[in-house]
Amino acid sequence: MDWTGRRVTALLENALQEDRATQDATSRACIDPAQRASATILAKQDCILSGLGCVQRILEIYAQLDPKAASRFDVRNNPEIFDGVRLRKGISIAVIRHNARVILACERTILNIMQRMSGIATATRYYVDAVAGTTATILDTRKTAPGLRLLDKWAVRCGGGTNHRLDLSDGILIKNNHIALAGGAVAALEAALRHRTSALPVEIEVRSLEEFDQALQHGAEAILLDNMTPEQVREAVERVAKLGRKVPLEASGGINLSNIRAYAEAGVDFISVGALTHSVPAVDLSMRVQPA
């Protein structure tokens with residue numbers, strides 16, 4: 001994860017600006033401007049860590065936003081603490097030594113980002129563990145928080161998942177609305193194969209085995225099995241095996257931790273889970289601040 005990249009920098013700067021971090025009325029009213037402090041970020045529950053790099057970067061961006069408050073600072077963590085590591089409750093994640101007002105101004109932004117990212121990573125690891133020993137790969141979706149996609153996608157990777165499309169330019173996936181507007185599945189599929197301007201494979205969404213057979217017959221290069229049962233998925237896998245050519249199959253829709261193992265054991269290549277990013281609970285982290 002490149003925390004210094006243009007898009008990530010803009011995202012973090014917007015988060016600080018949203019919170020009016022350089023205008024912290026409470027800290028200005030009761031904290032000496034020269035006060036130094038030490039802040040420890042703690043895990044308050046077992047989790048998978050993601051977002052550690054935001055700590056240093058947010059403090060750097062704050063210094064650019066408020067040069068008058070700029071002062072030396074230090075962020076330290078144990079070498080065994082890094083994105084993707086499993087944390088136990090009570091573990092110290094990182095220690096910040098900085099101007100007290102700056103720490104307080106950045107506290108909520110740092111925690112918001114790390115809590116969300118670690119929540120996504122933790123949820124992803126649950127799904128990855130649930131399909132262990134099968135050939136299925138866990139994919140994310142574009143159902144991310146607006147403006148936070150780069151962070152959400154990185155968090156999925158920290159949890160052991162694999163990124164699907166980063167954005168609409170990153171793959172051809174014909175879904176129900178495309179099919180309705182293009183005049184049917186066959187018309188949409190043939191048009192996509194004919195007009196694509198890159199080597200991206202053409203994937204199409206199907207909702208029945210009849211639609212699945214139709215997609216295979218008309219050259220689909222990957223197929224998304226939407227809201228099918230594990231039994232239907234297994235049948236689709238068997239039909240592809242008889243073709244003599246590889247057609248990656250992705251299962252999606254109505255899949256959760258209680259039934260994902262059945263889908264994985266059906267032999268599907270990929271399982272995409274929107275819940276990894278669209279409704280995941282944040283991990284409980286805290287920042288304990290004291291005079292340095």
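So, here is what we can say about the structure in this document. Everything numeric here is computed off the predicted structure, so don't read it as measured data. (Residues numbered from 1 in each chain as written. Predicted model: local features only at pLDDT ≥ 70, side-chain atom pairs only at ≥ 80, totals over all residues. Heavy atoms only, no water.)

### Section: the sheet that holds strand S3 (residues 74-76)
Rules: When DSSP locates at least two bridges between a pair of strands, those strands are taken to pair. The numbering of helices and of strands both runs from the N terminus, where a helix is a DSSP run of H or I of at least 4 residues and a strand a run of E of at least 2. The convention used is that axes are lines fitted to C-alpha atoms, helices contributing only their stretch in contact, and that angles between N-to-C directions extend from 0 to 180 degrees.
The 4 strands are arranged S3-S5-S1-S12 in an open sheet whose pairing can be described as antiparallel. On the outer flanks of this sheet lie S3 and strand S12 (285-291), each paired with one strand and no other. In this sheet, adjacent strand axes meet at a mean angle of 15 degrees when their direction is disregarded. Relative to strand S5 (residues 92-99), S3 is paired through 3 bridges, and the arrangement is antiparallel. Along S5, the bridge assignment pairs Arg 76 with Val 95.

### Side note on the sheet that holds strand S11 (residues 270-272)
Across a sheet, strands are paired by hydrogen bonds formed along the backbone, either parallel or antiparallel in direction. Read across the sheet, 6 strands follow the order S6-S11-S10-S9-S8-S7 without closing on themselves; strand pairing throughout is parallel. For this open sheet the edge positions go to strand S6 (137-139) and strand S7 (172-174), each flanked by a neighbour on one side alone. Along the sheet, successive strands turn relative to each other by an average axial angle of 25 degrees, direction set aside. Bridge count for strand S9 (residues 222-226) against strand S10 (residues 249-252) is 4 bridges, and the pairing is parallel.

### Thoughts on the packing of helix H1 (residues 6-18) against helix H3 (residues 54-65)
Rule in force here: When an angle is under 35 degrees it counts as roughly parallel; over 145 it counts as roughly antiparallel; between 65 and 115 it counts as roughly perpendicular; any other value is oblique. By convention, the crossing between two helices is left-handed when the near helix turns anticlockwise from the far helix through less than a right angle, and right-handed when the turn is clockwise. Contacts are residue-level and defined by heavy atoms, with any inter-residue pair within 4.5 Å sufficient.
It is the contact of H1 with H3, at a shortest axis distance of 10 Å, that shows an interaxial angle of 65 degrees. Relative to H3, H1 is oriented roughly perpendicular. Both H1 and H3 take part in a crossing whose hand is right-handed. Between H1 and H3, the residues in contact are Thr 9, Leu 12, Glu 13, Leu 16 and Gln 17 and Arg 57, Ile 58, Ile 61, Tyr 62 and Leu 65, respectively.

### Focus: the pairing of S5
In plain terms, the rule: Partly exposed residues are those whose accessible area sits between 20% and 50% of the maximum for their type, while under 20% is buried and over 50% is exposed, using a 1.4 Å probe and protein chains only.
The element S5 is largely enclosed, with a buried count of 6 among its 8 residues. Inspection of the sheet shows strand S1 (residues 36-43) paired to S5 by 7 bridges, in the antiparallel sense. Counterpart to Ile 41 in the pairing with S5 is Ala 94.

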